Amino acid sequence: MKARKILFINQEIAPYVPDSEMALKGKDLPQAMQDYGMEVRTFMPKWGNINERRGQLHEVIRLSGMNLIIDDTDHPLIIKVASIPSTRIQVYFIDNDDYFTKRQMAHDESGEEYPDNGERAIFFARGVLETVKKLRWTPDIIHCQGWMAAVIPLYVKTAYHDEPSFANAKVVSSIFTNSLKGDLGDNFKQCVDFRDAKSELLDKYNKKFDFLELGKLAIDYSDGIIEAVSDANPALIDYANANNTPVLKFQAEENTEVYKNFFDQIIGDKE
């Protein structure tokens, strides 16, 4: 059987951002799956607090240069790459001067959340998927981590469902604790609109898209859910169970084989 291919789309990966449960899982899980013989690709945003010189990031010219239109505005897509020290994991970074280069993560230096966080998540999602297309890579599993990746399942199952890279891909989303205090802006639903990802698909959700609504969106278009931390948002885990979506319960003791088996279960018998 061919080696499984897993696309990891992470909000945080250590050591590029300060250690957190999410950042450490972002580093360790791809490495573990690669050690099991799986083929992996890993993406994250190029947050403004990432030290490019220390992290040895460099731009990939052949992948950069595309413009993504969000809310009728062109936003240049810049792709950078680096290798995590002491591992064989390569990380692709999604960058843009407006959304990432000059910005911190969810909030600015004074602790205020960015009002266009929704646009940033949409740019990140589309930037990852367009780059994977350019790489001509066909993942079996797409694993999404963090609110920044929560739009990915919708796009994979609608706007990109006919693309050869994603036509047969299964999507798994990891649920963490609530990390957003506010909402994603009044224009989030409008900005999501792209190809078959029509804004009307979001009519079932609350007008204000916050962490909970974003999590529901991810669950509705995912094939599996991982309860990633002990304090993962309980309302979202209940929502996934009510949807009869397969859920991997929180693992008190880290056992990477459980994750591998869950990915295999979601992929099923597809070769």
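Preceding this paragraph is the structure being described.
Everything numeric in this text was worked out from a predicted model, so none of it was measured.

About the cut-offs
Residues numbered from 1 in each chain as written. Predicted model: local features only at pLDDT ≥ 70, side-chain atom pairs only at ≥ 80, totals over all residues. Heavy atoms only, no water. Core = buried A, V, L, I, M, F, W, Y, C linked by side-chain atoms within 4.5 Å. Buried < 20%, exposed > 50% of the residue type's maximum accessible area, 1.4 Å probe, protein only. Contact = heavy atoms within 4.5 Å. Helix = DSSP H or I, 4+ residues; strand = E, 2+ residues; numbered from the N terminus. Axes fitted to C-alpha atoms, helices over the stretch in contact; angles between N-to-C directions. Parallel < 35°, antiparallel > 145°, perpendicular 65-115°, else oblique. Left-handed = near helix turned anticlockwise from the far one by under 90°. Pairing = 2+ DSSP bridges. Salt bridge = Lys/Arg side-chain N within 4 Å of Asp/Glu carboxyl O. Expected span 1.5 Å × (residues − 1).

So, the nonpolar core
Phase 1: Counting 98 residues, the largest nonpolar core has Tyr 16, Met 33, Ile 142, Tyr 155 and Phe 263 as its most contacted members.
Phase 2: When near neighbours in sequence (up to four residues on either side) are disregarded, Phe 263 contacts Ile 6, Phe 8, Leu 29, Met 33, Ile 141, His 143, Val 172 and Ile 226.

Overview of unusual backbone geometry
Phase 1: Residue Pro 15 is reached from Ala 14 by a cis peptide bond, and omega for that bond is 10 degrees.
Phase 2: Within the secondary structure layout, Pro 15 lies in the loop between strand S1 (5-10) and helix H1 (21-35).
Phase 3: The residue Asp 72 is not glycine, and still its phi comes out positive at about 65 degrees.
Phase 4: Take Asp 72: it is sitting in the loop between strand S4 (67-70) and strand S5 (73-76).
Phase 5: The phi dihedral of Arg 136 falls on the positive side, at around 55 degrees, and the residue is not glycine.

With respect to the packing of H1 against helix H9 (residues 256-267)
Helix packing geometry: the angle between the two helix axes and the distance between the axes.
Phase 1: At a minimum axis distance of 10 Å, the contact between H1 and H9 shows a crossing angle of 70 degrees. Relative to H9, the element H1 is oriented roughly perpendicular. The interaxial crossing formed by H1 with H9 has right-handed handedness. Residue-level contacts link Lys 25, Leu 29, Ala 32 and Met 33 of H1 to Thr 256, Tyr 259, Lys 260 and Phe 263 of H9.

As for the sheet that holds strand S11 (residues 247-248)
Phase 1: Pairing within the open sheet is mixed, and its nine strands lie in the order S3-S6-S7-S2-S1-S8-S9-S10-S11. A strand with exactly one partner marks an edge of an open sheet, and here the two such strands are strand S3 (58-59) and S11.
Phase 2: As judged from the five bridges shared by strand S8 (residues 141-145) and strand S9 (residues 170-175), these two strands associate in the parallel manner. Among the inter-strand pairings, His 143 is bridged to a residue of S9, identified as Val 172.
Phase 3: Sitting on the sheet, H1 touches S1, strand S2 (39-45) and S8, and the angle it makes with S1 is about 170 degrees.

Remarks on the pattern of salt bridges
Phase 1: Throughout the structure, instances matching the rule amount to 14 salt bridges.
Phase 2: When the shortest N-O distance is used, the salt bridge between Glu 130 and Lys 133 registers 3.3 Å. One end of the pair is Glu 130 and the other is Lys 133, both in helix H4 (residues 117-135) and three residues apart, which spans about a single turn.
Phase 3: Residue Glu 130 is classed as buried on the basis of its relative accessible area of 9%.
Phase 4: Measuring nitrogen to oxygen at the nearest pair gives 2.9 Å for the salt bridge that ties Asp 223 to Lys 157.

Notes on the environment of Ser 199
Phase 1: Turning to its location among the elements, Ser 199 is positioned in the loop between helix H6 (188-192) and helix H7 (211-220).
Phase 2: Once the C-alpha coordinates of Ser 199 and Phe 43 are considered, the two residues, 156 residues apart in sequence, prove to be 26 Å apart.
Phase 3: Those residues in contact with Ser 199, other than ones at most four positions away along the chain, are Lys 189 and Asp 193.

What about the pairing of strand S7 (residues 90-95)?
Phase 1: With five of six residues buried, S7 lies mostly within the body of the structure.
Phase 2: Here four bridges tie S2 to S7, and the two strands are oriented parallel to one another. Bridged to Thr 42 within S7 is Val 91.
Phase 3: Where strand S6 (residues 78-83) folds back on S7, the antiparallel hairpin that results is connected by six residues, among which Ser 86 adopts a positive phi of roughly 70 degrees.

Looking at the side chain of Lys 46
Phase 1: As for its placement among the helices and strands, Lys 46 is situated in the loop between S2 and helix H2 (52-55).
Phase 2: Among the residues examined, Lys 46 registers a relative accessible area of 2% and is labelled buried.
Phase 3: Residues within four places of Lys 46 in sequence aside, it is in contact with Glu 52, Leu 57, Lys 80, Phe 93, Ile 94, Asp 95, Phe 100 and Thr 101.

Section: H4
Phase 1: Here H4 spans 27 Å end to end across 19 residues, near enough to the 27 Å set by a 1.5 Å rise per residue.
Phase 2: Along H4, 17 of the 19 residues are buried, which leaves the element largely enclosed by surrounding structure.
Phase 3: Positive backbone phi, at 55 degrees, marks Arg 136, one or two positions downstream of H4.

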